[in-house]
Amino acid sequence: MNKIQKQCEVCGQAFIPKTVDSVYCSKKCGGAAYRKKKAQKKKEEKQQAIIDKISVDRLYISVPEAIALFGVAKSTLYRLIRQKRIPAINLGTRLVRIDRAAIEEMFPIRQTSLKKEKPTAKLYSLEPQDCYTIGEISKKFGISDSTVYKHIRKYSIPTRQIGNYVYAPKTEIDNLYNQ
Ligand SMILES: [Zn+2]
């Protein structure tokens, strides 16, 4: 009985891990961490989509584009513009255009680190042997079918219907409920 306590990465409480990989004290904290990770990924994808649309020869960029490119906070950006530390032109309400070269000089690190990032491959498989049915999920984790469906929609978990059964990847479901 040599149980070592760990500190939950979400709430900071000490807990006894069920497995060596456990980093969260409860389903609740595991779910919270999972949601946060998903939201962060969505945000990064959105930023990357903005970046992808900016051509290399553009001299002036918009505020959302600057935020996506340099990871700078909106309030910081407006402060720098107000202080005239970054040259910008105002073409009207919500149409501020920022001198790209000037901001690149100020925030060089973020841009290079972003360019190195590669899109992450999907880690789940929708083959039936790699999936749970909704019924299996509700039985395994002790939740109702309707709650399972609600979570699947809420966290954009991929599903596949074969005949009367809806399948969801074990990896995604385990991430959501098991930690
Ligand atoms: Zn916790």
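The notes below deal with the structure included here. Everything numeric here is computed off the predicted structure, so don't read it as measured data.

Let us look at the packing of aromatic side chains. Tallying each qualifying case throughout the model produces four aromatic pairs. When the ring of Tyr-34 is compared with that of Tyr-155, the centres are 6.2 Å apart and the planes differ by 85°; the resulting orientation is edge-to-face. Note that Tyr-34 is positioned in helix α1 (residues 27–52) and Tyr-155 in the loop between α7 (145–154) and β7 (160–162), a separation of 121 residues in sequence. Given the relative accessible area of 7%, Tyr-155 is considered buried.

Attention now goes to the nonpolar core. Formed by 17 residues in total, the largest nonpolar core has its most connected members in Ile-61, Leu-77, Ile-98 and Ile-103. Those elements giving two or more residues to this core turn out to be α2 (63–70), α3 (74–82) and β5 (96–99). If one sorts the elements of this core by residue count, α2 sits on top with six residues. Within the second largest apolar cluster, 14 residues are counted, among which are Val-148, Tyr-155, Val-166 and Tyr-177.

On to the coordination of the zinc ion, then. Taken together, Cys-8 (SG), Cys-11 (SG), Cys-25 (SG) and Cys-29 (SG) make up the protein donors of the zinc ion, found 2.3 Å from the metal. Classification of the site at the zinc ion as tetrahedral follows from its four donor atoms and the range of 105 to 116° in their angles at the metal. In the primary sequence, the donor residues of the zinc ion line up as C-x2-C-x13-C-x3-C. Look at Cys-8 and you get buried, because its relative accessible area is 4%. Exposure remark for Cys-11: the relative accessible area of 39% places this residue in the partly exposed category.

As paired elements, strand β3 (residues 60–62) and β5 share three bridges and run antiparallel to each other. What sits directly across from Ser-62, in β5, is Arg-97. Here strand β4 (residues 88–90) pairs with β5 via three bridges, running antiparallel. Within β5, the position partnered with Ala-88 by the bridge is Ile-98. What sits between the antiparallel neighbours β4 and β5 is a turn of five residues, in which Gly-92 has the positive phi angle 135°.

Tracing the backbone through its elements, the reader meets Arg-100 in helix α4 (residues 100–106). A residue is classified by how much of its surface remains accessible, and Arg-100, at 9% relative accessible area, is buried. Separated by 2.9 Å, the side chain of Arg-100 and the backbone oxygen of Ser-55 make a polar contact.

Here we come to the sheet that holds β3. What the three strands build is an open sheet, ordered β3-β5-β4; its pairing is antiparallel. Edge positions in the sheet fall to β3 and β4, since each of these pairs with one other strand and no more. Averaged over all neighbouring strand pairs, the angle between strand axes comes to 30°, with direction disregarded. Strand contacts of α2: β3 and β5, with the helix running at about 95° to β3, the strand carrying the most contacts.

What counts, and at which threshold
Residues numbered from 1 in each chain as written. Predicted model: local features only at pLDDT ≥ 70, side-chain atom pairs only at ≥ 80, totals over all residues. Heavy atoms only, no water. Phe/Tyr/Trp six-rings, centres within 6.5 Å; stacked < 30°, edge-to-face > 60°. Helix = DSSP H or I, 4+ residues; strand = E, 2+ residues; numbered from the N terminus. Buried < 20%, exposed > 50% of the residue type's maximum accessible area, 1.4 Å probe, protein only. Core = buried A, V, L, I, M, F, W, Y, C linked by side-chain atoms within 4.5 Å. Donors = N, O, S within 2.8 Å, 3.2 Å for Na, K, Ca; no water. Tetrahedral: all angles 85-135°; square planar, octahedral: opposite > 155°, others 65-115°. Pairing = 2+ DSSP bridges. Polar contact = N/O pair within 3.5 Å; in protein donor to acceptor, adjacent residues only side chain to side chain. Axes fitted to C-alpha atoms, helices over the stretch in contact; angles between N-to-C directions. Contact = heavy atoms within 4.5 Å.

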